[in-house]
Amino acid sequence: MAQITSFNCSIFLSLSVIINLLFGSLYLHGGWDQQSWTKSAAEEVEAVASVSCSGHGRVSLERSILDGKPVCECNACYGGPDCSEFSPECVADADSGDPMFLEPFWVKHAASSTIVVPGWHRMSYEYNDGSLILKELDTQIRKLHSVIGNAVTEGRFIIFGVGSTQLLHAAVHALSTTTSDSSSPSRVVASAPYYPVYREQTEFFNSEDFKFNGDTSLYKINNGGYSQENVIEIVTSPNNPDGQLKKALLQGPSVNTINDYAYYWPHYTPIPAPADEDLMLFTLSKLTGHGGSRFG
């Protein structure tokens, strides 16, 4: 009887030591707390994602927090609490594209594409090395272009912006001010049909350094294809909206080219060769469909 009691005490003592070591390790390494808040966050996201909205909308986590319950954000022409009500009088707006066609891909790969980010992640203006741009992001962008084979990145600077639209204007501004040798503004041209923002944005800023001058072909005819005045040619390849692969049409010592390669990815067009231009624009919205990220 004494041996059994001694044996039981040994078991309980061993279990007590193991449990205390386990809890101590979780406490010291933050594992217990980490599992708790990540699990809670994951459950909250999955609860929102499980609402179907009849296949004609989606539920956003931020709206759910605001209203206290899942709220469907319906696609155009649909309404009602679950987006099941179709409006036959709805008019389709084909003014611009929205990369939502890639959404089913990310829904299908939810487990491998979902990221949990703590609220205190990267709060500083600078990284530990004093830089303002994450070197790992720069490295991954170069690696991505190398694997896809759509752009040469060696010896190039990579600049991030709030979408390629912001970078487009930054390029127009920089090229107009650095090449201007006279009081006349740089002429901004683009081959028709061109993205309306090229003209709208250039005219919106109403700068004395640059003016929108219309279609590149008309400018080429009037100047014989060779320009002696400051010209900024915007080349979109593949072009929006006709999908044609384009090259610069103008030549001359004062001609600068901005190459908009937003759609130069294999799910939009064949890639005959890596783009190798001085200034190339790419955007995450066309690569992955995450237009709301505003990352160019």
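Note that the structure is predicted; figures quoted are calculated from it, not measured.

About the thresholds
Residues numbered from 1 in each chain as written. Predicted model: local features only at pLDDT ≥ 70, side-chain atom pairs only at ≥ 80, totals over all residues. Heavy atoms only, no water. Pairing = 2+ DSSP bridges. Helix = DSSP H or I, 4+ residues; strand = E, 2+ residues; numbered from the N terminus. Patch = residues over 30% accessible without salt bridge, like charges linked within 9 Å, V, L, I, M, F, W, Y side chains within 5 Å. Areas by Shrake-Rupley, 256 points an atom, 1.4 Å probe, with all protein chains shown as cover. Salt bridge = Lys/Arg side-chain N within 4 Å of Asp/Glu carboxyl O. Buried < 20%, exposed > 50% of the residue type's maximum accessible area, 1.4 Å probe, protein only. 1 Å grid on protein atoms, 1.4 Å probe; cavity = no way out; pocket = protein on both sides within 12 Å on 5 of 7 lines; lining within 4 Å. Points joined across faces, edges and corners; volume = space filled by probe spheres on them. Nonpolar A, V, L, I, M, F, W, Y, C, P; charged D, E, K, R; others polar.

1. Overview of the sheet that holds strand E9 (residues 280-281)
In sheet architecture, strand pairing relies on hydrogen bonds along the backbone and comes in two forms, parallel and antiparallel.
Item 1. Read from one edge of the open sheet, five strands run E6-E5-E7-E8-E9, paired in parallel fashion. The sheet is open, and its two borders are formed by strand E6 (210-215) and E9, each paired with just one other strand.
Item 2. Pairing of strand E5 (residues 186-190) with E6 involves four bridges; the strand directions are parallel. Pairing of Ser186 across the sheet is with Phe210, part of E6.

2. Considerations on a nonpolar patch on the surface
Item 1. Nonpolar side chains collect at one region of the surface, where Leu144, Val147 and Ile148 lie side by side and expose about 240 Å² of accessible area between them.
Item 2. Structurally, the position occupied by Ile148 is in helix H6 (residues 135-148).
Item 3. We classify Ile148 as partly exposed; its relative accessible area is 31%.

3. So, the layout of surface pockets
Item 1. Its boundaries defined by the atoms lining it, the second largest pocket holds a volume of some 850 Å³.
Item 2. If you trace the second largest pocket, you find 31 residues lining it, with Phe157, Ile158, Ile159, Met280 and Phe282 closest to the centre.
Item 3. Elements supplying a minimum of two residues to the lining of the second largest pocket: H6, helix H7 (163-179), E9 and helix H10 (284-288).
Item 4. Of the residues forming the lining of the second largest pocket, the biggest block, five residues, is contributed by H6.
Item 5. Residue composition of the lining of the second largest pocket, by class: 21 nonpolar, seven polar and three charged.

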